[in-house]
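# Observations on chain architecture
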Amino acid sequence: MDATHDPTPDAPAAPPRIVVGGALVHRGRVLAARRSAPEAVAGRWEFPGGKAEPGETEAQALERELLEELGVRARALVRLPGAWAVRPGLELRFWAAELLSGEPRALQDHDALRWLGPDELDAVDWIDHDRDVLPHVARLLTGTPAGTADSAPAVGDAQSAG
């Protein structure tokens, strides 16, 4: 038997860098943000968020990003099902979050914000990855069980959050 050495077949791929998007919920509605850049997605809507920094958990990254992008304090609640490859080495994951304090303002990367109820989720032109998570967001807003172990708790009325 000929012993050849190929160093690549069993080499593990580097883990992807995580991008978190936040379905920020308050009083039965979720916040949508319209992108102002880059040109490829400008004018389309998304759940705000951004890249996790080294050593930061996904929840910490989301809470930091919502403060930076919107000027609000929020608490990450639960990761929503699914993950999307944004580009090689970059993976998008969505989280439900509740608004704790502040009034969201479009501070970075967005030029408009809009609160949407469960029946209004199709009222805006979502970026494709964000559109894919809408069924989970709708269940989150209505309190309908997702039927999986990843079911999100009903947080449609976050008035008690302060």
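Predicted model, so just to flag it, every value in this text is computed and none were measured.

Rules of the game
- Residues numbered from 1 in each chain as written.
- Predicted model: local features only at pLDDT ≥ 70, side-chain atom pairs only at ≥ 80, totals over all residues.
- Heavy atoms only, no water.
- Phe/Tyr/Trp six-rings, centres within 6.5 Å; stacked < 30°, edge-to-face > 60°.
- Helix = DSSP H or I, 4+ residues; strand = E, 2+ residues; numbered from the N terminus.
- Buried < 20%, exposed > 50% of the residue type's maximum accessible area, 1.4 Å probe, protein only.
- 1 Å grid on protein atoms, 1.4 Å probe; cavity = no way out; pocket = protein on both sides within 12 Å on 5 of 7 lines; lining within 4 Å.
- Points joined across faces, edges and corners; volume = space filled by probe spheres on them.
- Nonpolar A, V, L, I, M, F, W, Y, C, P; charged D, E, K, R; others polar.
- Salt bridge = Lys/Arg side-chain N within 4 Å of Asp/Glu carboxyl O.

On to the packing of aromatic side chains. With the rule as written, the count across this model stands at three aromatic pairs. On the basis of an interplanar angle of 80° and a centroid distance of 6.0 Å, the ring pair of F47 and F94 is categorised as edge-to-face. Taken together, the residues span a long stretch of sequence, with F47 in the loop between β3 (45-46) and β4 (49-51) and F94 in strand β7 (residues 90-101) at a distance of 47 residues. Comparing F47 with F94, the two get one shared label, buried. Put simply, the rings of F47, W84, F94 and W126 pair up and form one aromatic cluster.

Once that is clear, we can look at the layout of surface pockets. Approximately 460 Å³ is the volume attributed to the largest pocket. Those elements that provide at least two residues to the lining of the largest pocket are β1 (17-26), β4, β6 (84-87), β7 and α2 (128-132). Residue classes in the lining of the largest pocket are distributed as 12 nonpolar, four polar and six charged.

Moving on, we come to the pattern of salt bridges. According to the stated counting rule, one finds 12 salt bridges in the structure shown. D111 is the partner of R34 in a salt bridge, and the nearest nitrogen-oxygen pair spans 2.7 Å. In this pair, R34 sits in strand β2 (residues 29-35) while D111 sits in strand β8 (residues 110-116), placing the two residues 77 residues apart along the sequence. On the basis of relative accessibility, which here comes to 28%, the residue R34 falls in the partly exposed class. The partly exposed category is assigned to D111, whose relative accessible area is 45%. In this structure, E98 engages R75 in a salt bridge whose closest nitrogen and oxygen atoms are separated by 2.3 Å. Placement of E98 in strand β7 and of R75 in strand β5 (residues 73-79) is noted, with a sequence separation of 23 residues between them. The exposure class assigned to E98 is buried, which follows from its relative accessible area of 10%. The exposure class assigned to R75 is partly exposed, which follows from its relative accessible area of 39%. The network of salt bridges with common partners includes E56, R64, E65 and E68.

Geometric descriptors of this kind do not, in isolation, establish any biological role.
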